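# An overview of the molecular structure
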Amino acid sequence: MCRDHRRVATWVARNAALNAADTTSVSNGNTVIGLDQSTIESYAKVVLGESKRLPGLGDATCSICLAEYNVEEIVRCIPECRHCFHADCIDEWLKVRGTCPVCRNSPSASS
Ligand SMILES: [Zn+2]
Ligand SMILES: [Zn+2]
């Protein structure tokens, strides 16, 4: 009688530990990938002028949407590698990937 009770208690404790391990691994999986909004917002954002000159590195086209930059479009640069993209494009990209689409540099890992 006494022994049976003890066996059940051990089983319950082991199950609780397994459940705790499961929830920890799931939440870790969700946090490692993209950058958070405040990190992305801290990157310099520039409105292109008549010269369409980028504030950093990059071609006349955005490497994410492959469209040419136009006057008065908003571009954002990744400070670590100075690559530039449309702000809308790089915001969405960094939220999901967390790395520069051109050089694969990871802004979050270098600091
Ligand atoms: Zn774009
Ligand atoms: Zn880059």
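Everything here concerns the structure above.
To keep things clear, this report deals only with the structure shown in the data block. Given the structure is predicted, the values throughout are model-derived calculations rather than measurements.

Cut-off values and rules
- Within every chain, residues take consecutive numbers counted from 1 along the sequence as written.
- Each chain gets a letter, beginning with A, and each ligand a number, beginning with 1, in the order they are written.
- Predicted model: local features are reported for residues with pLDDT of at least 70 only, side-chain atom pairs are reported and counted for 80 or more only, and whole-chain, interface and lining totals are derived from all residues.
- Side-chain descriptors were evaluated using all non-hydrogen atoms of the structure, hydrogens and water having been removed beforehand.
- The salt bridge criterion pairs a side-chain nitrogen of Lys or Arg with a carboxyl oxygen of Asp or Glu, the two atoms within 4 Å.
- Secondary structure counts use DSSP, requiring at least four H or I residues in a row for a helix and at least two E residues in a row for a strand, with both numbered from the N terminus.
- Summary of the burial criterion: residues with accessible area below 20% of their type's maximum are buried, those above 50% are exposed, and those between are partly exposed, where the area comes from a 1.4 Å probe applied to protein chains only.
- N or O atoms within 3.5 Å of each other form a polar contact, as long as, within protein, one can give a hydrogen and the other can take it, and as long as residues adjacent in sequence are counted only when both atoms are side-chain atoms.
- The contact rule is simple, with two residues in contact once any of their heavy atoms fall within 4.5 Å.
- Sites may look incomplete, because water is not among the atoms used; the donor set itself consists of N, O and S atoms within 2.8 Å of the metal (3.2 Å for Na, K and Ca).
- Any coordination sphere not matching a tetrahedral pattern (four donors, all angles between 85 and 135 degrees) or a square planar or octahedral pattern (four or six donors, opposite donors over 155 degrees apart, other angles between 65 and 115) is reported as irregular.

## Some points on the pattern of salt bridges
- This model, assessed by the stated rule, comprises three salt bridges.
- A salt bridge links Arg76 to Glu41; the nearest nitrogen and oxygen atoms lie 3.8 Å apart. Of this pair, Arg76 sits in strand 2 (residues 74-77) while Glu41 sits in helix 2 (residues 37-41), placing them 35 residues apart in sequence.
- Taking relative accessible area as the criterion, Glu41 reaches 42% and is therefore assigned partly exposed.
- Residue Arg76 is joined to Asp91 by a salt bridge in which the shortest nitrogen-to-oxygen separation is 2.8 Å. Taken together, the residues span a long stretch of sequence, with Arg76 in strand 2 and Asp91 in helix 3 (residues 87-96) at a distance of 15 residues.

## Looking at the side chain of His86
- Along the chain, the position of His86 falls in strand 3 (residues 84-86).
- We classify His86 as buried; its relative accessible area is 8%.
- Here Glu73 takes part through its side chain, which lies 3.1 Å from a polar atom of the side chain of His86.
- Residues within four places of His86 in sequence aside, it is in contact with Cys62, Cys65, Ala67, Glu68, Tyr69, Glu73, Ile74, Val75 and Arg76.

## Some words on the coordination of the zinc ion (ligand 2)
- The coordination sphere of the zinc ion (ligand 2), as far as protein atoms go, consists of Cys81 (SG), His83 (ND1), Cys100 (SG) and Cys103 (SG), spread over 1.9 to 2.3 Å.
- Each of the four donor atoms around the zinc ion (ligand 2) contributes to a set of angles spanning 105 to 115 degrees, which defines the coordination as tetrahedral.
- For the zinc ion (ligand 2), the single-chain donor residues occur in sequence as C-x1-H-x16-C-x2-C. Considered together, Cys81 and His83 belong to a single accessibility category, that of buried residues.

## Focus: the side chain of Arg76
- Taking the relative accessible area as the measure of exposure, Arg76 reaches 1% and is therefore buried.
- In this structure the side chain of Arg76 is engaged in a polar contact, spanning 3.2 Å, whose partner is the backbone oxygen of Ile40.

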